[in-house]
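Understanding the architecture of this molecule
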2 protein chains.
Amino acid sequence: MTSASLSFLAPNSILVVGASNNPAKRGYNAIARLLADGFSGDIYPVNPKLTELRGLTCYANIRDVPFAADLALICTPAATVPDIIEQCGQAGVKGAVVLASGFSETGAAGEALEQACVSAARRFGLRLVGPNTSGLFNTAKKCNLVGFQDLRSGPVGVLSQSGNMALSMITESLRHPQLGFSSYIGVGNEAEIAFHEYLHYFAEDKDTRVIATYIEGLRQGDAFLQAARQVSAHKPIVLYKSGRTASGQSAARSHTGALAGDITLCRGVMRQAGVILVERSDHLLPVAESLAYQPSASGNRIAILADGGGHATIAADELSDRGMVLAELQKSTQQRLQALLGPQAPVSNPVDFAGASDHYPELFADGCELLLSDPGVDAVLVVGLFGGYQLRFNSTLATTEERTAMSLTALQDHYKKPVVLHSVYKHHRTKALRLLEENNIPVQDSVEVAAHCISALAQYGVVQQRGQQVVPDRHPIERNLSRARDILQQVTNNAERVVTEDRGRELLMQHGIQTGSARLVQSLDELDSAMQRLSNDPLAMKVVSPQIVHKSDAGGVRLNLRGLPALQQAFGDIMTNARNYQKDARLDGVLLSPMARPGVEIILGITRDPQFGPVMMFGLGGIHVEVLRDVSFRALPLNQDDAAEMLAEIRAKAILSGVRGSNAIDHKALIDLMLRLSRLLEYHTEIEELELNPVILYEKGLEILDVRILLGESATQPVPPALAKQATSAYTSTQ
Amino acid sequence: MTSASLSFLAPNSILVVGASNNPAKRGYNAIARLLADGFSGDIYPVNPKLTELRGLTCYANIRDVPFAADLALICTPAATVPDIIEQCGQAGVKGAVVLASGFSETGAAGEALEQACVSAARRFGLRLVGPNTSGLFNTAKKCNLVGFQDLRSGPVGVLSQSGNMALSMITESLRHPQLGFSSYIGVGNEAEIAFHEYLHYFAEDKDTRVIATYIEGLRQGDAFLQAARQVSAHKPIVLYKSGRTASGQSAARSHTGALAGDITLCRGVMRQAGVILVERSDHLLPVAESLAYQPSASGNRIAILADGGGHATIAADELSDRGMVLAELQKSTQQRLQALLGPQAPVSNPVDFAGASDHYPELFADGCELLLSDPGVDAVLVVGLFGGYQLRFNSTLATTEERTAMSLTALQDHYKKPVVLHSVYKHHRTKALRLLEENNIPVQDSVEVAAHCISALAQYGVVQQRGQQVVPDRHPIERNLSRARDILQQVTNNAERVVTEDRGRELLMQHGIQTGSARLVQSLDELDSAMQRLSNDPLAMKVVSPQIVHKSDAGGVRLNLRGLPALQQAFGDIMTNARNYQKDARLDGVLLSPMARPGVEIILGITRDPQFGPVMMFGLGGIHVEVLRDVSFRALPLNQDDAAEMLAEIRAKAILSGVRGSNAIDHKALIDLMLRLSRLLEYHTEIEELELNPVILYEKGLEILDVRILLGESATQPVPPALAKQATSAYTSTQ
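Read on for a plain summary of the structure. Given the structure is predicted, the values throughout are model-derived calculations rather than measurements.

Residue and element names in this part refer to chain B. Strand order in the open sheet formed by seven strands is S9-S8-S11-S10-S12-S13-S14, with mixed pairing between adjacent strands. With partners counted over all chains shown, the strands left at the sheet margins are strand S9 (143-144) and strand S14 (276-278), one partner each. Looking at chain direction, strand S12 (residues 210-215) and strand S13 (residues 237-241) are connected through five bridges and run parallel. Paired with Ile211 across the bridge in S13 is Ile237.

Pasting the structure below:
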């Protein structure tokens, strides 16, 4: 979807439906604001009761307007909107912004009204922003349809499901000397234009250098991920996601009616798509600002330059919390620093002036240069009083600080490494601090925020590198695809959705996944030969029936069986239990397999998320998933990096690298399994759920102990390969 | 320790040693500042080269000063300080503030110098602040010895190991219309006065309503906890602890030389002592402000009042993250709200005006009153644009907002429930917002900060209630104390430190702790009778030897043994293995016990923490402790609340209440065990470590599978009951 059709978001002419001469109405304020700001295009007020408004000709009807406007601002109540959109369409209007609420967020009636708007719009290829939106602005066009005061133009584009969040950011921006915005779009109910389309629009908007988004829930999450993958490689996307707790989610529902979904899942797939996540709403703007003005860091090795131990210690804590490491300074760097700062100054990172700078703030530039020139340093975090030495110590230091500020910005440009700066005196706005801000070094008033900014710059460095590097497709060649398709066809032919484990295992086999030596045994007399073929370890026996999914609950599982008599006994028991559990169940027999050696137990699950489509979940077995929720998610299809990141993301990851004397598990085998499963889902789009639980990991190889596959409702009809296509393109888009 | 001897911290006369006429020197600035601020007491500059300084008589020597000063500010280099303290002592000075660095934070030589200062001071009962401190101020006395500008007096007392952190708070406070400080004390190296003494000082200082502390590490943590328990019941203590990561800890060491210690442990014992912890340095001031000005909340049921869904959703998330719950509003409250706000407004908590307030900001007061009057609401969080309606919508709304602001403050007073307010427009400082701040409703510019403030008020409500309520001593009566002492005496008589498991179990028995039916077997021929006496479940056999602590490593453990031959075989093996493992080990035999039924495996460990003294650790067994570090700590002695909180604090707590079909474990039995262990440690102060690992918890009762006890080095000498006394008093202080 190209965003050409969204050009109306930077309109040259605006139709205001529901224009008003009542200053309390949006239909008045919007026009007043456009005139006040000097909007260069034409404004066509529409109101049957008026002939003139603020010196503009006012039209009785849309059809009376002699020119086709780029954008229509619709300020009238919900009930009137479908008809107005119809008229706008006839008048050749390109796009409309619908402010009214009372649509799908309010229930069935509103939902119907919303659909009426959408179909009217679609008939004429007219694009819709909203409904239930606060509006939008475009500073380049001097087009402020949301009525925010004190707008400054700048590189930050805002895409938000909350008008108040945008207002927060704009009001906050006034406390930064030069920070400004390109455009804001309140997406509202996304009835016609979905979130991801705006991403493409911002990607192509030359005035936008960073995209700051506030999201409660996404209606087309999978499309968003695709767009984000493509856009984030070129322009940073910063996201604050609310509705991460039960309370937050119910609050979100009553707000935008959006489905918030599982936050762990959301974070996983967003990270995969190159989105920079902030976990606090008040970090959204500063992190976006940093990404807009500063170079990204090519690594996570940070040097701290401080004029006091307290701030240095806080910074060190915050950086490690965010996965940054304190750079190891070269001996030569440390010697130069010692020579510069004197014997009492700690010069192993963090570097602390320990008073040396009190009357020599120029040391900040000298120290910073020594750090930036060290090849082991990817970025420098300056914390403390800089910019306020003239206030704290001696007013005569002002000029020194101003010279030093210019040196710092020059150093950032020269070394192309970010210099992030915290100053206690940010809000005193001394000239030194203003010079920094005006020359691409934003100043933060909080050590925590500064540490967050520098780690975002490091994160974005990774996103950019990933965006450029071509990952070779390490996907395996499948064994026998048509055979694989037949297996599922058999199931759907019986109008069944449960793929019994014997078939599931065979399906995996066809995709080159080893499922061990389990054998289907259909009758007592097959037991002996089956036992012979299997090793003489103790065996496990599980019932096989499309109607019995939870085998243990049905008494359909027996473990540690040795010898024929035991097997026969177990076979009889299982059949009886199964029969009692569900009278009409079709019993295909039992699956006989050797008991597995102990190892590290994990779960791999694939589901279709209502927001993001097919996703894989990884976690350690048992309580780790169910109680601790220590899991990681990625959208399908996976590549090597995704799989590796999933393993690294769980809190208990140390277990995979071996603890308490045990060795590291076979990462390669596990990642290979994850990639094959991902590929499998691309081919068999009719699979709705696939769970391997547990899989036992060993130092060499792994063993899949249980396979559960469920087909979708629609599986009996042939499934369009839409998913496979979408998935593949999403995959390639990261390469 | 009374803080009477710290009265010099509010001095009426000040001796400045190292007074100077060089404006770059502290010895000049301190005096200039005292004069400029109008310090009412006497100032005695001391400098051999000067006779007069800024109009004050300057003395050549301390002994020449005709009056004994309350406080001496020592601005001279480290080497000179011991002698100067000596002279101050002779001159009858009450206390001294030593600014110079170059003492214990720099190594052995500095350590010696510091000790010289301390012993000089002690000879004269002179108290020492620092050395290596930024100084102190007392606004009531107009005594600013640290040279911070723009100081305002107010209710916040600051106690900090970092001068820059104090500077951060003071500079930040300038952005709050009325926030100010009573005193600041930079504790420096705490050579003579330790952190906890200052807590007592602030507790008695009538100008201080809240104590805000920045700590990297404590030298006398146990004394701090005792002081905090006593003080926090009457005055809130807010703490930001840095040095929580490896990087942060090494940074802290090179700063104050303080030992940062384990953050989980620190948080546990601090919470136990009633300290309000903030995990971000930039939340320290706003949280302290809220606690200083607002009533505490008597519960955690919060109502959110918002003029936009975005802020409401963010607030809901933040509150649940902090353990608050969204109050369930009574039907009647919801009906009244609906009547007030109209049909479109969501009135189940969060309450969202949904535009209703755009031109009627007085609705904030009306809505707030309905919420506060609901008995199910403990506090109200207002988020959004209040105070800026006059800017956002119509300047004529200013007076309405001002009236509404006064109503909100009146409501907080009337209902004695906190009303915490977030406003996007905080920094526009409209009169409405100033009125709020001046009448005990601080305004926050961040939803996250506001949510943190309200949960701190709820936390402090609990601390106050706990402080008042008298907890009956539920401690058990011990069986036979003298017998218990004998057991350990036997060990120390052999000059041993390891208490073998048979003795350990007997010790626990004497304290009323059931340790099951394990039996010591010293020779092969005792095996049979021992086996008879135990049930005929399978048995476990463990070597018993004071030299073999890690029994499994020594091949000293055999499990699932059935029948005499198996037992004899195992006995032989274990003896041989033990012998090979350590030739000269004394082998007392083996411990024979029934194998335990499966249950929930936990670890209880008691160690003596270098900072906080004896602490108990609780966690689930195996990886939960070692890999996930999912543990909780409390200082000894424990009370019921402490023990219950420990169980509730681990991430995996759900396992204790039963998951996946299993039932809840016997909380009562576990808590009883924890309390008895705590009491045991009070009696046997020679115990250095005690670990029960694992303990198996059941639906009814529990079983202790392994007991490991280690005595302290000094255990062979009789141990003074100091710990027991300290511990008991600390215990009673919470009751």
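Now, onward.
On to the relation of the copies chain A and chain B, then. Superposing chain A onto chain B requires a rotation of 180 degrees together with a translation of 0.0 Å along the rotation axis, leaving an RMSD of 0.1 Å. Within this description, the copies of the chain are treated as partners about a two-fold rotation axis. In this assembly, 100% of the residues forming the interface of chain A have copies in chain B that are likewise at the interface, indicating an isologous arrangement.

Now for the environment of Lys235 of chain B. Residues and elements named next belong to chain B. Following the sequence through the fold, Lys235 ends up in the loop between helix H6 (221-232) and S13. With relative accessibility at 11%, the residue Lys235 sits in the buried group. Aside from chain neighbours lying at most four places away, what touches Lys235 is Phe202, Ala203, Glu204, Asp205, Thr208, Arg209 and Tyr460.

Between Asn349 of chain A and Pro350 of chain A the backbone carries a cis peptide bond, its omega angle lying at 0 degrees. If you trace the backbone, Pro350 of chain A turns up in the loop between helix H11 (331-341) and strand S17 (351-352). Even without being a glycine, Arg629 of chain B presents a positive backbone phi close to 50 degrees. Mapping Arg629 of chain B onto the fold places it in the loop between helix H21 (623-626) and strand S28 (631-635).

This structure, assessed with the given rule, holds 72 salt bridges over all chains. Arg244 of chain B is the salt-bridge partner of Asp317 of chain A, the closest N and O atoms lying 3.9 Å from each other. Pair noted here: Asp317 of chain A is in helix H10 (residues 309-321) and Arg244 of chain B is in the loop between S13 and helix H7 (246-256), and the two residues belong to different chains. In this structure, Asp317 of chain A and Arg244 of chain B share a single accessibility class: buried. The partner of Glu691 of chain B in a salt bridge is Arg708 of chain B, and the shortest N-O contact between them spans 3.7 Å. Highlighted residues: Glu691 of chain B in strand S29 (residues 687-697) and Arg708 of chain B in strand S31 (residues 707-711), separated in sequence by 17 residues. Linked through salt bridges whose partners overlap, the residues forming this network are Glu172, Arg175 and Asp445 of chain A together with Glu172, Arg175 and Asp445 of chain B.

Attention shifts here to the sheet that holds strand S22 (residues 519-521) of chain B. Strand pairing in a sheet is mediated by backbone hydrogen bonds. Such pairs are either parallel or antiparallel. Residues and elements named next belong to chain B. Pairing is antiparallel across the open sheet formed by four strands, whose spatial order is S22-S25-S23-S24. Each edge of the sheet is formed by a strand with only one pairing partner; in this case those strands are S22 and strand S24 (557-561). Looking at each pair of strands side by side, their axes are set apart by 25 degrees on average, direction ignored.

So, about the packing of aromatic side chains. Residues and elements named next belong to chain B. Evaluation of the coordinates by the stated rule reveals 24 aromatic pairs over all chains. Ring geometry for Phe137 against Tyr184: centres 5.8 Å apart, planes inclined by 45 degrees, an arrangement best described as tilted. Taken as a pair, Phe137 in strand S8 (residues 136-138) and Tyr184 in strand S11 (residues 181-186) lie far apart in primary sequence, 47 residues in all. On the basis of relative accessible area, Tyr184 is assigned to the buried category, the value being 0%. The ring of Tyr293 is capped by Arg209, whose NZ or CZ atom sits 5.2 Å from the centre of that ring.

This part is about the interface of chain A and chain B. Taken together, the contacts link 70 residues of chain A with 70 residues of chain B. Taken over both partners, the interface formed by chain A and chain B buries close to 5,400 Å², and the fraction arising from carbon and sulfur atoms is 54%. The three residues of chain A that bury the most area against chain B are Arg280, Asp317 and Arg392 of chain A, which together make up 10% of that side's buried surface. The tally of links from chain A across to chain B stands at eight salt bridges. Residue Asp445 of chain B is joined to Arg175 of chain A by a salt bridge in which the shortest nitrogen-to-oxygen separation is 3.8 Å. Applying the counting criterion to the chain A and chain B interface returns 36 residue pairs in polar contact (both at pLDDT 80 or more). Ranked by residues supplied to the side of chain A that touches chain B, first place goes to H10 of chain A with 10 residues. Its residues assigned to classes, the side of chain A that touches chain B comprises 27 nonpolar, 27 polar and 16 charged.

Residues and elements named next belong to chain A. You can see Ser242 is positioned in the loop between strand S13 (237-241) and helix H7 (246-256). Judged by relative accessible area, Ser242 falls into the buried class, the value being 0%. A distance of 2.8 Å separates the side chain of Ser242 from the side chain of Tyr214, its partner in a polar contact.

Criteria and cut-off values
Each chain carries its own residue numbering, running from 1 in the written order of its sequence. The naming scheme follows written order: chains are lettered A onward, ligands numbered 1 onward. Per-residue local features are limited, in this predicted model, to residues with pLDDT of at least 70; the limit for side-chain atom pairs, both in listing and counting, is 80 or more; totals at the level of whole chains, interfaces and linings are taken over all residues. Note that water and hydrogens are dropped before the side-chain values are worked out from all heavy atoms of the structure. Strand pairing is assigned whenever DSSP identifies at least 2 bridges connecting the two strands. Every helix listed is a DSSP run of H or I at least four residues long, and every strand listed is a run of E at least two residues long, numbered separately from the N terminus. Only residues with pLDDT of at least 70 in both copies contribute their C-alpha atoms to the least-squares superposition of the copies. Residue contacts follow a heavy-atom distance rule, with two residues in contact if any of their heavy atoms lie within 4.5 Å. A simple rule labels every residue: compare its accessible area, found with a 1.4 Å probe on the protein chains alone, to the largest value its type can have, and call it buried under 20%, exposed over 50%, or partly exposed in between. Counted as salt bridges are all cases of a side-chain nitrogen of Lys or Arg within 4 Å of a carboxyl oxygen of Asp or Glu. For helices, the fitted axis covers only the stretch in contact; all axes are lines through C-alpha atoms, and the angles between them, taken along N-to-C directions, range from 0 to 180 degrees. Between the rings of Phe, Tyr and Trp (Trp by its six-membered ring), a pair exists once the centres lie within 6.5 Å; its type follows the angle of the planes, with under 30 degrees stacked, over 60 edge-to-face, and the other angles tilted. Counting as a charge over the ring demands two things of the Lys NZ or Arg CZ atom: a distance within 6 Å of the ring centre and an angle within 35 degrees of the ring normal. Summed over both partners, the accessible area (1.4 Å probe) lost when two parts come together is defined as the buried area. In protein, a polar contact requires one atom able to donate a hydrogen and another able to accept it; more generally it is a pair of N or O atoms within 3.5 Å, and residues adjacent in sequence count only if both atoms are side-chain atoms. When residues are sorted by character, Ala, Val, Leu, Ile, Met, Phe, Trp, Tyr, Cys and Pro go into the nonpolar class, Asp, Glu, Lys and Arg into the charged class, and all the rest, Gly among them, into the polar class.

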